[in-house]
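An overview of the molecular structure
Chain residues, written in single-letter form:
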Amino acid sequence: MKRLSVSLPSPRRVPVPRVLRSGIRGVASKSGVSVTAAADAPLFDEELLARLRRLVVLSGRAVTEGLAGEHRSRRRGTSPEFSDFKSYSPGDDFRRIDWNTYARLDGLFVRLSEVTTELSVHLLVDASNSMDWRAGSGVPTKFSYGRRVAGALAYVALWHFDRVTVAPFGEELTPAFGPAQGRAHIVPMLRFLERLAPLGRTDLPSVLDRYVRARRRPGVLVLVSDLLSGEPDDIRQIMRTLRARGWQTVVVHVLDEAELAPAALTGGEVGGRPQPAELVEVETGERMRLTPTRDVLLRYQTAIDGWLAEIESACADEQVAYVRLLTGWSFETLVLRLLHEQGVVA
Amino acid sequence: MSGLELLAPLGILGLIAVPVVVVLHMRHTTPLLRPVPTLRFWVAAQPERTEQTRFRRPPLSLLLLLHLLIALLLALALTRPAVAEAWANLGLRTEPRHLILLLDGSTSMAARDTPSGRPRFEDARAVALGRLDDLREGDAATVVVLGTRTQTLEATDTGGFAALRERVRRLDAPGGRADLNAALGLSKDLLLPGLDDRIVLVSDGALAADPGIVAELDATVELERVGAGSGPAAGNVAITDLASRAAPDNPDQAMLYARVVNFSDASVTVPLALIADGIETDRREVTLAPGEAAERGWPAPPGTRDVTVEVQGADALPDDDTASLVLRQEDADLSLRILLVSDVATPLARALQALDGAAVTVEPTNMAELGGSRNAYDLVVYENAAPPLDALPNAPLLLVNPPPAGMPIPTDGTMTAPTMSSFRAQDPLLQGVDLAGVSFGQQPTPRYVLDGTQTALVGAAEGGPLLFRGVLGGRPVVVLPFDLAQSNLPSRVAFPILIANIAAALAPSPLPAAVPLGEPLLYRPRGDAATVRVTPPEGAPVDLPLAADGQAATGDEAAAVDRLRQVAFADTGRSGEYRVAELDAAGNEIAGGRLVVNAGHATESDLRARAELPNVLATARASGDDGSRSSVADLWPILVAVAVAVLVLEWLVALRPRTSRQPFAASYQPMGTGGR
């Protein structure tokens, strides 16, 4: 697997878009964009943006293309960046013949220069109702957290002139942002994410299938979702399809901590007795009444642990990078570190 | 009532709450609505199917048990359970109460047959104080102390209760005889509508109650009995009477008669001693069967002033083992001093001398000028002589056959062999006097013409009075206008009675030698006395003021004044020697004497409780089934209090802090596996 990791320290200081600074400082900007994950937490601050600017989305096996990007390519072209010489062959552009070499060696050699390409980054953001949920007021919803992750990755890609598509989806694909390329699209991208709203129910396998079928060239596909739509086998199947089509897939699994600690989802105990609760699924409105006894909670724990294990297994089998994020985690440290460890960014 | 009683039995319907509580616990608690991102894992957790049903099996939880206990307590409280008197001291009474305590302070309450050896009255006082301790704000209390004088104490608030308890604590037994019927009648008037009236008789039970009076009481009557009540401990031998009379065969010899009664259930033989002026002069054994009374007599030693008869031997009431009598006042100042102005020793003189406590001085008619001694007599009798109208003695007058010429009352001829034609039967002078067959002599009798100031008591067919009274020179006067020597009246039984009535009506009373226990001392002092001072055996002197000396113009007014000048001293419940002194307006003692009140009494000396008394008291109107409610204490307040306490406990159990679970995040390690 070819891994192109190009770290691009910013050659010049690019000012943070005003809209982002406003969002960071919590001051309403003229554009009205205020991307925050939580009410008080800024989405990106200057320090985080600086860290993001030092990152690059790794292409993995994804095919790079074009010439506008900063990803190094095996292709040789006509750029000023010298790469190598080769013997002249008929058909070569004789304008690239190095006459100095010909004078010394009496042979025709053509100068080869290095070609940089761009990467297509597809960010599929799950906008279902199950994402727009949080157990407590101290943490952002999974939807907010997922948008933040998507925004960060899109920022990194746009900064390095990759082609970025942000595609929210529910049961169907909705109009996406992009493909866009270049730093001028950072602010529109963030506005797009800001304006995203939950879309109700979701059908992850079919949406993914339709999305990849509609793309001729594979790229890096980052799926930001809680994966509650579809069974692990369905996810395994679609990951297999993506792999077969040459997509470099990254699954960012966003979860709320309460989903892993089920006692917090119910009414707890009063007088040593578990309080009955009526659970309402936010997507379907389906209800279930139960008393969270110790046995029930144990079975829940077993079920969710098995589900997570199956998803991890499917991702591992299909060579999909899997990153599980809990909404209560610090974005600047833990999330970026995990993305880096999983080879999503470098 | 012997145990628990439900005053509101329908309250048992409150037990419906018990199954209701169970059903409520069988229902699933209204669940908290919790949105979750997915149900897939909860479905996988396979909640019990009973969660989806309306009811479930009753959970055997502490909360259910506490709720059931609360429901039971409240349901029981609704039935208003009440406990009997034995439990009434719990102080759970909620209805205001009017407690009427009839505290027996009679002489029998001085008996020391209690387990503690204290007098019965001390035990009764303790019982009364205990009853008063139960009172609370809103109640009312009346304490009626039974004895020679009935004393009534009242209190209607907390401060008053404290003062009342203090007064009861300091109360002395008045002694004498307890008139329970009068006390019950008084209690009937004291009942307060709207309050739980309860009459409590604290007594030794040696009382009699009129069932008719008790039946009229609209209140519960309880008997708190003190003392042994029956058995050997309540046995008593008493001297119930001691009197002095002239010997039948020798009028100059005084004879003493004592009556000894055995108020016990066993035969006794006791020594009986006669003590004259402090010296035992006779001793004899007296054997008495149960309930038997024996009379013993002794000639009074000449010159003896005081005699005492004593039964020697320990019994429950020592006070009535002795009886005393004052045979002769030390100075005779309070004897009835009578001056008889007569020239012959007539039956009149004998009748006067027979009066109790009378000292008769006989003067001839030619010595009728009294001079300086005109104030020294209580009654002056002129027989066959006219009083000196210009120098009348300062005393009531009895005129017997006065010469008409010397009388200021006009006459209208004479009556020869008059016969009685009218008789003023209701007049006190004629009480017990039978004049049938009395002749008034053949001699002419003056026919007096009476005016409005005289009243004819016995009228003659001939038109004139044969006995009349009036006022002469401002003195009350009674006139017998006929000659006793010519009449057969002196030989009749009616004569000494008539003379005694006249003396009693005209002259001051002689101080009696003894007064029966509890009987009032009725006494009319001499005219110049302004105050009568009575000093009990153990107590402060009591001054009894008198009305002003009557100089009445009419007979009726004189009679009214005469009644006003009679004093009555009722506090004779304490046995012993009483001293009586007459004081003039300046407070100087002008006369004095002694009298004795003996404790022995045919009723009070019988210390045995009347077996029928509790049954009679139980016939009070409110003592039946309807009235039993007032003698119990409600338990519902304490049941409600316990229910509230259990409720608090239930809250503590329900709201106790949950056992903290280890937070998931503390044990969760971030996962970042994944293939590449």
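Each chain has its residues counted from 1, running along the sequence as written. Throughout, the order in which chains and ligands are written sets their labels, letters from A for the former and numbers from 1 for the latter. Where local features are concerned, this predicted model is filtered to residues with pLDDT of at least 70; where side-chain atom pairs are given and counted, the filter is 80 or more; whole-chain, interface and lining totals use all residues. In computing side-chain values, all of the structure's heavy atoms are included and hydrogens and water are not.

**Digging into the overall build of chain B**
- The helix and strand tally for chain B stands at 13 helices and 33 strands.
- We call a residue buried when its accessible area falls under 20% of the maximum for its residue type, exposed when it is over 50%, and partly exposed in between, using a 1.4 Å probe and counting protein chains only. Taken across its 676 residues, chain B has 46% of its residues classed as buried.
- Whether two residues are in contact is decided by their heavy atoms, any of which lying within 4.5 Å being enough. If you take every contact in chain B between residues at least 6 apart in sequence, the share linking residues at least 24 apart comes to 69%. Note on conventions: DSSP H or I runs of at least 4 residues are helices, E runs of at least 2 residues are strands, and numbering of each starts at the N terminus.

**Here's the deal with the pattern of salt bridges**
All names here are of chain A.
- The salt bridge criterion pairs a side-chain nitrogen of Lys or Arg with a carboxyl oxygen of Asp or Glu, the two atoms within 4 Å. For the structure shown, the criterion picks out 34 salt bridges over all chains.
- Between aspartate 226 and lysine 142 there is a salt bridge whose closest N-O contact spans 3.0 Å. In this pair, aspartate 226 sits in the loop between β6 (220-225) and α7 (232-244) while lysine 142 sits in helix α4 (residues 142-159), placing the two residues 84 residues apart along the sequence. Lysine 142 carries the same exposure label as aspartate 226, and that label is buried.
- The partner of arginine 210 in a salt bridge is glutamate 172, and the shortest N-O contact between them spans 2.8 Å.

**Comments concerning the pairing of strand β11 (residues 287-290) of chain A**
Residues and elements named next belong to chain A.
- With burial as the criterion, only one face of β11 is covered, namely that bearing Met288 and Leu290; the residues Arg287 and Arg289 on the opposite face remain uncovered.
- Looking at chain direction, strand β10 (residues 277-281) and β11 are connected through 4 bridges and run antiparallel. Across the sheet, the residue bridging to alanine 277 is leucine 290, located in β11.
- In textbook terms, the turn of a hairpin is the stretch between consecutive antiparallel strands, and for β10 and β11 this stretch comprises 5 residues, one of which, glycine 285, has a positive phi near 75°. At least two bridges found by DSSP between two strands are what make those strands a pair.

**Structural notes on the nonpolar core**
- One finds Val166 of chain A together with Trp42 of chain B to be the most contacted residues of the largest nonpolar core, which totals 85 residues.
- Looking at this core element by element, the count peaks at 12 residues for α4 of chain A. By nonpolar core is meant a set of buried Ala, Val, Leu, Ile, Met, Phe, Trp, Tyr and Cys residues that side-chain atoms within 4.5 Å join together.

**Points about the sheet that holds strand β2 (residues 32-36) of chain B**
- Reading across the sheet, the 3 strands line up as β11(A)-β10(A)-β2(B) and stay open at both edges, with mixed pairing between neighbours. Each edge of the open sheet is held by one strand with a lone partner, namely β11 of chain A together with β2 of chain B. The average angle at which neighbouring strand axes cross in this sheet is 25°, direction not considered. What counts as an axis is a line fitted to C-alpha atoms, over the stretch in contact for a helix, and the angles between N-to-C directions run from 0 to 180 degrees.

**Some details on the packing of helix α2 (residues 46-53) of chain A against α4 of chain A**
Residue and element names in this part refer to chain A.
- Here α2 crosses α4 at 55°, and the two axes come no closer than 9 Å. Overall, the two elements α2 and α4 adopt an arrangement that is oblique. Handedness of the α2/α4 crossing: right-handed. Note on element contacts: α4 touches α2 through Arg148, Ala152, Tyr155, Val156 and Trp159, opposite Leu48, Leu49, Leu52 and Arg53.
- Amino acids are sorted into nonpolar (Ala, Val, Leu, Ile, Met, Phe, Trp, Tyr, Cys and Pro), charged (Asp, Glu, Lys and Arg) and polar (every other residue, Gly among them). Along the lines of polarity and charge, the residues of the contact of α2 with α4 split into 7 nonpolar, no polar and 2 charged. Roughly parallel means an angle under 35 degrees; roughly antiparallel means over 145; roughly perpendicular covers 65 to 115; every other angle is labelled oblique. It is the rotation of the near helix from the far one that decides the hand of a crossing: anticlockwise by less than a right angle makes it left-handed, clockwise makes it right-handed.

**Notes on the packing of helix α6 (residues 204-213) of chain A against α7 of chain A**
Residues and elements named next belong to chain A.
- Direction vectors running N to C along α6 and α7 enclose 10°, while the axes themselves pass 9 Å from each other. In terms of orientation, α6 and α7 fall into the roughly parallel class. The segment α6 lies against α7, with Leu204, Pro205, Leu208, Asp209 and Val212 engaging Asp234, Ile235, Ile238, Thr241 and Leu242.
- Counted by class, the contact of α6 with α7 contains 7 nonpolar, 1 polar and 2 charged residues.

**A closer look at the sheet that holds strand β12 (residues 279-288) of chain B**
All names here are of chain B.
- A sheet is described by the order of its strands in space; here 4 strands give the open sequence β12-β11-β14-β15, paired in antiparallel fashion. Strands with a single pairing partner mark the edges of an open sheet, and in this sheet they are β12 and β15 (322-326). Geometrically, the sheet is characterised by an average inter-axis angle of 15° between neighbouring strands, direction not taken into account.
- Bridge count between strand β14 (residues 306-311) and β15: 5 bridges; the pairing is antiparallel. Bridge pairing in β15 places threonine 308 opposite serine 324.

**A short note on the packing of aromatic side chains**
- Centre distance within 6.5 Å is the pairing criterion for rings of Phe, Tyr and Trp, where only the six-membered ring of Trp is used; planes under 30 degrees apart are then read as stacked, over 60 as edge-to-face, and the remainder as tilted. Scanning all chains against the criterion turns up 10 aromatic pairs over all chains.
- The interplanar angle of 55° and the centroid separation of 6.5 Å between the aromatic rings of tyrosine 211 of chain A and tryptophan 247 of chain A together place this pair among those described as tilted. Of this pair, tyrosine 211 of chain A sits in helix α6 while tryptophan 247 of chain A sits in the loop between α7 and β7 (248-255), placing them 36 residues apart in sequence. Neither residue differs from the other here; tyrosine 211 of chain A and tryptophan 247 of chain A are each classed as buried.
- Ring centres 4.1 Å apart and planes at 35° place the aromatic pair tyrosine 300 of chain A and tryptophan 42 of chain B in the tilted group. Pair noted here: tyrosine 300 of chain A is in helix α9 (residues 294-317) and tryptophan 42 of chain B is in helix α2 (residues 40-44), and the two residues belong to different chains.
- Overall, the relative accessible area of 0% leaves tryptophan 42 of chain B in the buried class.
- An aromatic cluster is present here, built from Tyr300 and Trp307 of chain A together with Phe41 and Trp42 of chain B joined pairwise through their rings.
- Over the aromatic face of tyrosine 211 of chain A sits the side chain of arginine 215 of chain A, whose NZ or CZ is 3.9 Å from the ring centroid. For a lysine, the NZ atom is tested; for an arginine, the CZ atom; a charge sits over a ring if that atom is within 6 Å of the ring centre and within 35 degrees of the ring normal.

**Structural notes on helix α6 (residues 180-190) of chain B**
Residue and element names in this part refer to chain B.
- For α6, the set of buried residues is Leu180, Ala183, Leu184, Ser187 and Leu190. Angularly, the buried residues of α6 cover 115° about the axis, an arc narrow enough to put them on a single face.
- Where α6 is buried, its residues meet β4 (97-104), β5 (140-146), β6 (151-155), β7 (196-203), α7 (211-215) and α11 (613-617). By arc we mean the arc of the directions from the helix axis to the C-beta atoms, nothing more.

Distances and angles like these do not, on their own, reveal function.
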